[in-house]
Amino acid sequence: EIALYLQASGDTLDRAEADGTVTLKGDGRTTTAAHLTFDGDTDAYRATGTPARLVDACGRITEGRTLNFDRATDRITVDGRAGTRTTSSGIASCP
């Protein structure tokens with residue numbers, strides 16, 4: 001299920017939410033999660049799941065209960081929270 005919310009002007013995306021087995025592909029990354037939210041104001045994604053998983057173009061895998069990706073800074077923060085391990089694996093030398 002995907003829900004799109006527009007700003008009052010009706011021509012700009014305010015936020016998008018997806019539930020179920022969600023897959024997002026873009027910017028050389030593939031993210032899978034149980035829930036995904038995109039915030040149009042901050043241009044950021046929040047993926048949650050048990051675990052949420054991101055695989056980059058080099059095959060590096062990052063997993064955690066919550067993945068926050070800020071497109072403006074190209075930064076990912078990972079939250080493992082209690083009971084869910086945060087992991088990263090893959091090729092370290094890939095740019």
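Report follows, based on the coordinates. No experiment lies behind these values; they were computed from the predicted model shown.

1. Digging into the packing of aromatic side chains
Working step 1: Under the defined criterion, the tally for this structure stands at 2 aromatic pairs.
Working step 2: Where F38 meets Y45, the ring centres are 4.8 Å apart and the plane angle is 45°; that geometry is what we call tilted.
Working step 3: We classify F38 as buried; its relative accessible area is 13%.
Working step 4: For Y45, a relative accessible area of 18% translates into the label buried.
Working step 5: Ring centres of Y45 and F69 lie 6.5 Å apart, and the angle between their planes is 20°; this geometry places the pair in the stacked category. Of the two residues, Y45 sits in strand 4 (residues 44–55) while F69 sits in strand 5 (residues 61–70), which places them 24 residues apart along the sequence.
Working step 6: Look at F69 and you get buried, because its relative accessible area is 10%.
Working step 7: Taken together, F38, Y45 and F69 form an aromatic cluster joined through their ring pairs.

2. Brief notes about the nonpolar core
Working step 1: Ranked by size, the top nonpolar core spans 12 residues in total: A16, A18, V22, A33, L36, F38, Y45, A47, A52, L54, L67 and F69.
Working step 2: Listing elements by their share of this core, those giving two or more residues are strand 2 (13–26), strand 3 (29–39), strand 4 and strand 5.
Working step 3: The dominant element in this core, judged by the number of residues it contributes, is strand 4, at 4 residues.
Working step 4: Leaving out residues up to four positions away in the same chain, F38 has contacts with L13, D14, R15, A16, D43, A44 and Y45.

3. A short note on the pattern of salt bridges
Working step 1: Applying the stated criterion across every chain, the model contains 6 salt bridges.
Working step 2: Of the charged contacts in the structure, one is a salt bridge between D27 and R71, with a shortest N-O distance of 3.4 Å. In this pair, D27 is assigned in the loop between strand 2 and strand 3 and R71 in the loop between strand 5 and strand 6 (75–79), connecting sequence segments 44 residues apart.
Working step 3: For the salt bridge of R29 with D74, the shortest nitrogen-to-oxygen distance reads 2.6 Å. Of the two residues, R29 sits in strand 3 while D74 sits in the loop between strand 5 and strand 6, which places them 45 residues apart along the sequence.
Working step 4: You can call D74 partly exposed: its relative accessible area is 47%.
Working step 5: Among the ionic contacts, a cluster of salt bridges with common partners joins D27, D43 and R71.

The rules we used
Residues numbered from 1 in each chain as written. Predicted model: local features only at pLDDT ≥ 70, side-chain atom pairs only at ≥ 80, totals over all residues. Heavy atoms only, no water. Phe/Tyr/Trp six-rings, centres within 6.5 Å; stacked < 30°, edge-to-face > 60°. Buried < 20%, exposed > 50% of the residue type's maximum accessible area, 1.4 Å probe, protein only. Helix = DSSP H or I, 4+ residues; strand = E, 2+ residues; numbered from the N terminus. Core = buried A, V, L, I, M, F, W, Y, C linked by side-chain atoms within 4.5 Å. Contact = heavy atoms within 4.5 Å. Salt bridge = Lys/Arg side-chain N within 4 Å of Asp/Glu carboxyl O.

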